[in-house]
Every structure is written in structure tokens, then in C-alpha cells.
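Here are the chains, one letter per residue:
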Amino acid sequence: MSRDPQKEQRIVILGGGSAGWITANTMIHSWADKAVDITLIESPDIGTVGVGEGSTPRLKLFFDSIGVAESDWMPRCNATFKNGISFVNWSTRPGFERYFHPFASQIDQFVTTGFYFNTYVRRRGIEVDAQPDRYFLSARLSANRQGPKPNENFPFAVEYGYHFDAHLVGEYLKDIAKERGVEHVQARVLEVEQAPDGDITGLVTESGETIEGDFFVDCSGFRGALIQKKLEVPFRSFAENLFNDSAVVLPTEQVQNIGSETISTAMKHGWAWEIPLTHRIGNGYVYSSAFCSAEDAETELRAHVSLLDSDVEARHLKMKVGRLEQHWHKNCLAVGLSQGFIEPLEATALNLVCNTVADFVETVDKHGFAGDGRDAFNGRVNGGFEKIRDYIVAHYVLNSRRDTEYWRQNAQNRNLSDTLMKILEIWTTGKNLSEEIERQKIQTSYTPMSWYCLLSGYGYYPDLQQVPNAEKYASRVDLGEIDDFVRRCAMNFRAHSEQLGLRGQGLRGQ
Ligand SMILES: Cc1cc2nc3c(=O)[nH]c(=O)nc-3n(C[C@H](O)[C@H](O)[C@H](O)COP(=O)(O)OP(=O)(O)OC[C@H]3O[C@@H](n4cnc5c(N)ncnc54)[C@H](O)[C@@H]3O)c2cc1C
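Residues numbered from 1 in each chain as written. Predicted model: local features only at pLDDT ≥ 70, side-chain atom pairs only at ≥ 80, totals over all residues. Heavy atoms only, no water.

A. Focus on the pairing of strand E17 (residues 280–287). Among the 8 residues in E17, 8 count as buried, and that is most of the element. Here E17 shows no split at all, with Arg280, Gly282, Gly284 and Val286 on one side and Ile281, Asn283, Tyr285 and Tyr287 on the other all buried. Bridging between strand E14 (residues 246–253) and E17 involves 8 bridges; their strand directions are antiparallel. Bridge pairing in E17 places serine 246 opposite tyrosine 287. When strand E16 (residues 270–276) meets E17, the two strands line up antiparallel, connected through 7 bridges. Counted as the bridge partner of glutamate 274 is asparagine 283 from E17. (Buried < 20%, exposed > 50% of the residue type's maximum accessible area, 1.4 Å probe, protein only. Helix = DSSP H or I, 4+ residues; strand = E, 2+ residues; numbered from the N terminus. Pairing = 2+ DSSP bridges.)

And the structure:
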């Protein structure tokens, strides 16, 4: 292969899934004025995992950072806007059968004090409305099937994520990366060559060609072909507190009035997602194979989405849940499923991908590729995984389903981190949770608002009690005023389908 002799660093990325192309785009954009040469190798025979259709607001930051406009990528990837996630049937507590985890908006600052106060009062056993949905703008927008883009006269920022076709996002990012100078090689890598010190020196393809490099990025998916198989970096499983290891996926038809949220419904042995794209709805059931066969999971999902008698084919996947001990080892960085995976309950995988690559670029800019700054980098990435893991585990601790062995064993599981134990203790003893989250510095992954929504959304409160002067506390927050405020704010937003420019495009009516 011809190489530009002026280029100093030759970076070779193995894998052309979302992780590979996000890595390639971040690097080529960040280092446009540096001497780097980037090659991405992918095997069309192996293919990509092809799922992963929901994001957090972090994906918007990524597209903004590489200078790509929504108006360009969203239509090409059948993408929709996402205000947050509804959790349905996780809690059996009356009034808490569903709740919404909103992405933040600036106007939340006017309601969070009232919301936090009411959760504090309810934690003391006094009856007040401390379910989160009435307080937050994004919850209202989702309930109204409105998108998160305000009219011009609404001066407050609203955060949002996206839903998209994972395959099309990969294709889109590939085109952008190639336009910007990333070399794309389609070949299967069979061998990895190493120097005596263990550094990788080249990847040998099936045709016998060796693609040499100075630095390698493993984006080969669950295989972890470089970092796990060749460099043997240990993998730390999260199976002791996250039981789910399998998924089954099925598409259904989209309706005309497109929703603007992900819906996560608790099932017998896990949970099912419903993700609205412009052309279809993505559905999947994430479950534990220790409690449920693939066949039973498929039948339960088919019944859930009314496809029992349909011949629409389902896809079955296995998931390896956990993380590497080190994400950067020798001259190799792992990004994406090769570095670890946490079940997609809060759609956080691409969040971790974007954070890993952005942190790596910043570390290299400060310290170079040689490895100074590597330990601190690995510590930060591990911290990111642990904080997200704790938040996901909390869903399994706080829900109140006990109808199957799966839910009962989840409820009995006490393999909780110290961080999570402390959060639960602070909540149940009525102390200030925001202060604790800041003290533990965990707000970088989930803010106090997210934790308050999670704990209160499941109705994780004591039974109601007789408390002296209870009415004095109960009447401090005027819910009528909050309802009115959120309703008036929501008037500045249009229907989601309209924001996507999709009116009357032949979707099935509701
Ligand atoms: C059930 C499920 C649901 C998910 N939902 C979400 C979600 O809602 N939100 C979210 O953010 N994430 C989600 N994810 C995660 C998301 O799918 C992945 O993080 C994302 O797609 C990145 O995958 P990847 O690029 O690391 O791996 P892959 O897509 O598997 O890509 C691997 C690449 O490596 C190449 N490759 C491997 N070995 C070789 C070789 N020897 N030679 C050449 N090429 C090779 C393959 O050809 C492919 O191009 C989900 C994952 C699963 C399993």
C-alpha cells in the first residue's frame, strides 16, 4: 500500500462499526493539522453488530464537534429526536407504574427545587406528588409527541438525543471520514504482528498484505481481536450484578404520529425497547439466558409487539457485559464493544465510545502517543463504565416486580458497589442526595436530576405515615403552578413528525 512519507503517525483502526467510524472521524477532524495518517480496515464478511439505535445527548456533541449538521445526517439515517426514556411496568407501586427519565432542559432549574423538596417530604412518609413526570419539560413533550426543538422565541436550551438506523449511521460516517482523508480497506485480518516488546507492528490480511502502523485502535466488536485476543488484556465481567446476556430484535411498522421517546417495558425475564425511527419501529428484548430460552424470549417479544402470527424474521444476539481492565495498552486503544459493554437500558454505549475517543485525543495532545498519561486515561474510562453500571444496576434494585424468578433473584442480589450502597442509604435516610452525588463526583455520568428521577420514578418511598404538621410540608409546592408552567413552555414546541418534516409521507395512520 502506498504511504505518504511526510506523515508521522500511522494509525490503523480495525473495525468499521459505529465505534470504528466515530473514532476515525474524531481523529481525522481533531488532528486535521497534524501529521497523522489514518487507515480503517473492516471485513465485509464479518459485518457489524447492526443494533444500537438510541443515544444520549452526547451524540449531538459528537456530530457538532466534527461539523456535521442534523439536517444532513438525520434524514440519511432515518433518525428521529429523543426526549428521554419511559420505563413502563417496572414498578408495581400504585402511581409509579411508569415514569420518564428526561434529558435536561434549562427551564428545569425552575422546577427541580420543588421536585427535590417533594421527594424529601415523601421520603418522610408525608403524602405529596413526588413522581417526576409532572415536573419536567421533556416528559411533557414526549407525552404530547412533540420534538425537542423549540420555536425561535423560546430562549432556553433543551437537551436531546436521537434514534437512528445503526447501519445507516455507520455508512454515513464512513462517507464523511473517507471524504476527509481516512483510507478504507475492506479485508479480513487474520494475523497480528508484534515487536519483541509486545507493541503491535502490523495487521496481516487474508490476501497476505501487511498493513503497518505506529498505533492501533481495536474497534473489532465483541471479538476484541487486538486488545483481548492478541494483547490479552483481562476482561472484567459485570455478570454478578447485571444478569442479561442476550437479546432478540424485531422491527414493526411506524405510525404517522411518531413518538419522541424510547419506551422500555419490563418483561418476564428482562425488558423490551421500542425505538421510533422515521421508517419503522425498532423493538428488542434484552433478557437473561439463565432464566429464559431464546425461543421463549422471541415468543414473548412477538406477543408484546403483536407479531405472533407474522413471518417477520427475528435476530438473536449474545452480549458480553463488562469492561477491560485497561482500554489503552501498549500501542493499542480499544473503543466500542471491544472495550466493554453495559446492557443498553439507558443507551449509553455510544456515549462511552465518544468519551473514550475524545479523552484519548486530549491525552495524546498533552502527552503524546508514547504512554504518558495512559494510566490516568484508563482510570477515567473505567470510572465512566462503573458510574453507568451503577445507574443501570439501580434499575434492578429499585423496581418492585417479583413475578418471576428472574425479578426475585435481581431483588435479592446484593453485589452492589459502595457508591450505589451509599446513594441508597442517603436516599432512605432522607439526606441530601445532590450533595452526596457531588461528593462522590459521579455527576459526570448521571446528574442529581437523573438519580432523583430514578429513585422517585420507581416509587422507592416508605409507606405513608402520620407526621405532625404534615400539611405544612405537603402544601409548600404548588403543583397547579408547575403544571401550568410546563404546559406553557410546551406550547413553544411543534409535533415531532412536523419537526422531522414528515407530514403525510405515507406512514401508517394510527
Ligand atoms: C442488543 C444491543 C442493543 C444495543 N443498543 C444500543 C443503544 O440503544 N445505544 C447505544 O449507544 N448502543 C447500543 N448498543 C451497542 C452498539 O450497538 C455498539 O456500541 C456500537 O454498534 C458499536 O459497535 P462496534 O463498532 O464496537 O462493533 P461492531 O458493530 O460489531 O463492529 C465490529 C467491526 O469489526 C470488524 N472486524 C472484526 N473482526 C475483524 C477482522 N478480523 N478483520 C477485519 N474486520 C474485523 C467487523 O467487520 C465490523 O466492521 C447495543 C448493543 C446490543 C448488542
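The discussion continues.
B. View of the sheet that holds strand E21 (residues 332–334). Pairing is mixed across the open sheet formed by 6 strands, whose spatial order is E8-E2-E1-E12-E21-E20. Across the chains shown, the open sheet's two edge strands, defined by having one partner strand only, are strand E8 (183–186) and strand E20 (328–329). Of the pairings in the sheet, the one linking strand E1 (residues 9–14) to strand E2 (residues 36–42) comprises 6 bridges and is parallel in character. Bridge pairing in E2 links arginine 10 to aspartate 37. Packing of helix H1 (residues 18–30) onto the sheet brings it into contact with E1, E2, E8, strand E12 (215–218) and E21, and relative to E2 it is tilted by some 170°. (Contact = heavy atoms within 4.5 Å. Axes fitted to C-alpha atoms, helices over the stretch in contact; angles between N-to-C directions.)

C. View of the site of the ligand. Around the ligand sit 32 residues in total, of which Gly16, Val51, Gly54, Val189 and Leu337 are the nearest. In the model, an oxygen atom of the ligand is placed 3.4 Å from a nitrogen or oxygen of the glycine 47 main chain. Here an oxygen atom of the ligand and a backbone polar atom of valine 49 are 2.9 Å apart. Computed on the free molecule, the ligand has an accessible area of 1000 Å², of which 96% lies beneath the protein chains in the complex. Counting residues per element, the ones that place at least two in the shell around the ligand are H1 and helix H9 (349–367). Looking at the shell around the ligand residue by residue, the class counts come to 16 nonpolar, 12 polar and 4 charged. (Near = heavy atom within 4 Å. Polar contact = N/O pair within 3.5 Å; in protein donor to acceptor, adjacent residues only side chain to side chain. Areas by Shrake-Rupley, 256 points an atom, 1.4 Å probe, with all protein chains shown as cover. Nonpolar A, V, L, I, M, F, W, Y, C, P; charged D, E, K, R; others polar.)

D. Seen up close, the sheet that holds strand E10 (residues 200–205). Sheet architecture is open: 3 strands sit in the order E9-E10-E11, paired in antiparallel fashion. Each edge of the open sheet is held by one strand with a lone partner, namely strand E9 (189–194) and strand E11 (210–212). Across the sheet, the mean angle separating the axes of adjacent strands is 25° when strand polarity is ignored.

E. Region of the structure containing the pattern of salt bridges. On inspection of all chains with the given rule, the structure shows 25 salt bridges. Measuring nitrogen to oxygen at the nearest pair gives 2.7 Å for the salt bridge that ties glutamate 386 to arginine 323. With glutamate 386 in helix H10 (residues 374–398) and arginine 323 in strand E19 (residues 322–324), this residue pair connects regions lying 63 residues apart in the sequence. As far as the burial class goes, glutamate 386 and arginine 323 line up, both buried. The shortest N-O distance in the salt bridge between glutamate 405 and arginine 408 comes to 3.3 Å. Placement of both glutamate 405 and arginine 408 in helix H11 (residues 405–412) is noted, with a separation of 3 residues, approximately one turn of the helix. (Salt bridge = Lys/Arg side-chain N within 4 Å of Asp/Glu carboxyl O.)

F. Representation of H10. Across its 25 residues, H10 extends 36 Å between first and last C-alpha, which sits within 8% of the 36 Å expected from 1.5 Å per residue. Across the 25 residues that make up H10, a large majority, 18, are buried. (Expected span 1.5 Å × (residues − 1).)

G. Local environment of the confidence of the model for the protein. Confidence in the prediction for the protein averages 95 pLDDT; 97% of positions are at 70 or higher. Counted against residues more than four places away or in other chains, residues 506–510, with its pLDDT under 50, gives 14 contacts. (pLDDT = per-residue confidence, 0-100.)

H. View of the environment of aspartate 64. Here aspartate 64 is to be found in helix H2 (residues 58–65). We classify aspartate 64 as partly exposed; its relative accessible area is 43%. Along the sequence, aspartate 64 and valine 255 sit 191 residues apart, while their C-alpha atoms lie 30 Å from each other.

I. Layout of the packing of H9 against H10. Packing of H9 against H10 leaves a shortest axis separation of 10 Å and a crossing angle of 160°. Relative to H10, the element H9 is oriented roughly antiparallel. As for how H9 packs across H10, the hand of that crossing is right-handed. Of H10, the residues touching H9 (which contributes Leu352, Thr356, Asp359, Phe360 and Thr363) are Phe377, Arg380, Val381, Gly384, Phe385 and Ile388. Taken together, the residues of the contact of H9 with H10 sort by class into 6 nonpolar, 3 polar and 2 charged. (Parallel < 35°, antiparallel > 145°, perpendicular 65-115°, else oblique. Left-handed = near helix turned anticlockwise from the far one by under 90°.)

J. Representation of helix H4 (residues 109–123). Its 15 residues give H4 an end-to-end C-alpha distance of 22 Å, which sits within 8% of 21 Å, the value for a rise of 1.5 Å per residue. All of the buried residues along H4 are Val111, Thr112, Gly114, Phe115, Phe117, Asn118, Thr119, Val121, Arg122 and Arg123. Residues of H4 that are buried sit in contact with helix H12 (418–428), helix H14 (448–457), helix H15 (470–474) and helix H16 (479–490). Glycine 125, located one to two residues past H4, shows a positive phi value of around 90°.

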